Amino acid sequence: MSASKSDRLKFMIDPTIAVTVRDVLLARGWTEVTKEGNDGCWDVYWCDVGMTREALEMCKHGGHQRVPHFRNNSELTTKNMLFRNMKRYKRTLVQNGKTKEAELCDCLPIIFELPAEYLMFVEEYRKSPGNTWIVKPARGSKGRGIFLFQKLRDLMEWREQQRAQCEEQDRFWLIQRYIEKPYLIGWSLLQTERPDGVEGAAEGTMREARQILADPAIH
């Protein structure tokens, strides 16, 4: 028996969000409401990260209301802030005598934050000038803005270009020693409906998990 209209989950969505999200929520039987057309009685506000603070301030009807981001999420979701927090975490562990736990933080390659640690990087670079380094923007995803180099002059030229092109909030970058032999999944085997058959996926996305999923289809 389908739920009545009053029992359906209500959602708001920003116009910047992909239309696919709205289509999926409507297909699930949810009801769309607008900021102007309701009294704050919504269950999900699907907003862009820039609207997180405003969205959280709109949560006035109990703990059931959800937004897809959390306050101060840039502490973990931007590369430079994640790096700073990892360094701070390791320093706290050492100060508390937890050396074994602190050693786990050494899984990160050698990293410097630009522009603040540029001179520190140059000093490290000169110890082994033949290494490959990778530069990543603090914000962004999907490999956008990534730059590989071996010669310091290439970095200096790139740096001058970025100074002229980037907005103020985008002028933070991480530079780290490139991992030349990372652990990569070159291809995967997918189960098929035929018990004696498998399919190879040479290109695609694969999600790993530490536990067996009860129902992989819903994840």
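Before going into details, it helps to say that this report is about the structure given with it. (Residues numbered from 1 in each chain as written. Predicted model: local features only at pLDDT ≥ 70, side-chain atom pairs only at ≥ 80, totals over all residues. Heavy atoms only, no water.)

**Some thoughts on the overall build of the protein**
Filter applied, for reference: Elements are defined by DSSP. Helices are runs of H or I of four residues or more, strands are runs of E of two residues or more, and each kind is numbered from the N terminus. Here a residue-residue contact requires only that any non-hydrogen atoms of the pair lie within 4.5 Å. Note on areas: Shrake-Rupley with a 1.4 Å probe; residue coverage comes only from the protein chains shown.
In terms of helices and strands, the protein carries seven helices and nine strands. Taking contacts inside the protein between residues at least 6 apart in sequence as the whole, the part at least 24 apart equals 44%. Accessible surface for the protein amounts to roughly 16,700 Å². Of this, 53% is attributable to carbon and sulfur atoms.

**Topic: the pairing of strand E5 (residues 133-137)**
Selection criterion: Exposed residues in this analysis have more than 50% of their type's maximum accessible area, buried residues have under 20%, and partly exposed residues fall in between, with area computed by a 1.4 Å probe over protein chains only. We call two strands paired when DSSP finds no fewer than two bridges between them.
E5 sits mainly inside the fold: four of its five residues count as buried. Bridging between E5 and strand E6 (residues 147-149) involves three bridges; their strand directions are antiparallel. Residue pairing in the sheet places Ile-134 in a bridge with Leu-148 of E6.

**What to know about the environment of Val-33**
With respect to the helices and strands, Val-33 occurs in the loop between strand E2 (31-32) and strand E3 (44-46). Residue classification places Val-33 among the buried residues on the basis of a relative accessible area of 15%. Residues Val-33 and Lys-10 lie 23 residues apart in sequence; the distance between their C-alpha atoms is 6.5 Å.

**Things to note about the side chain of Asp-14**
With respect to the helices and strands, the residue Asp-14 is situated in the loop between strand E1 (10-13) and helix H1 (19-27). According to the relative accessible area criterion, Asp-14 is buried, its value standing at 8%. What Asp-14 contacts, discounting residues up to four positions off in sequence, is Lys-35, Tyr-45, Trp-46, Cys-47, Asp-48 and Met-51.

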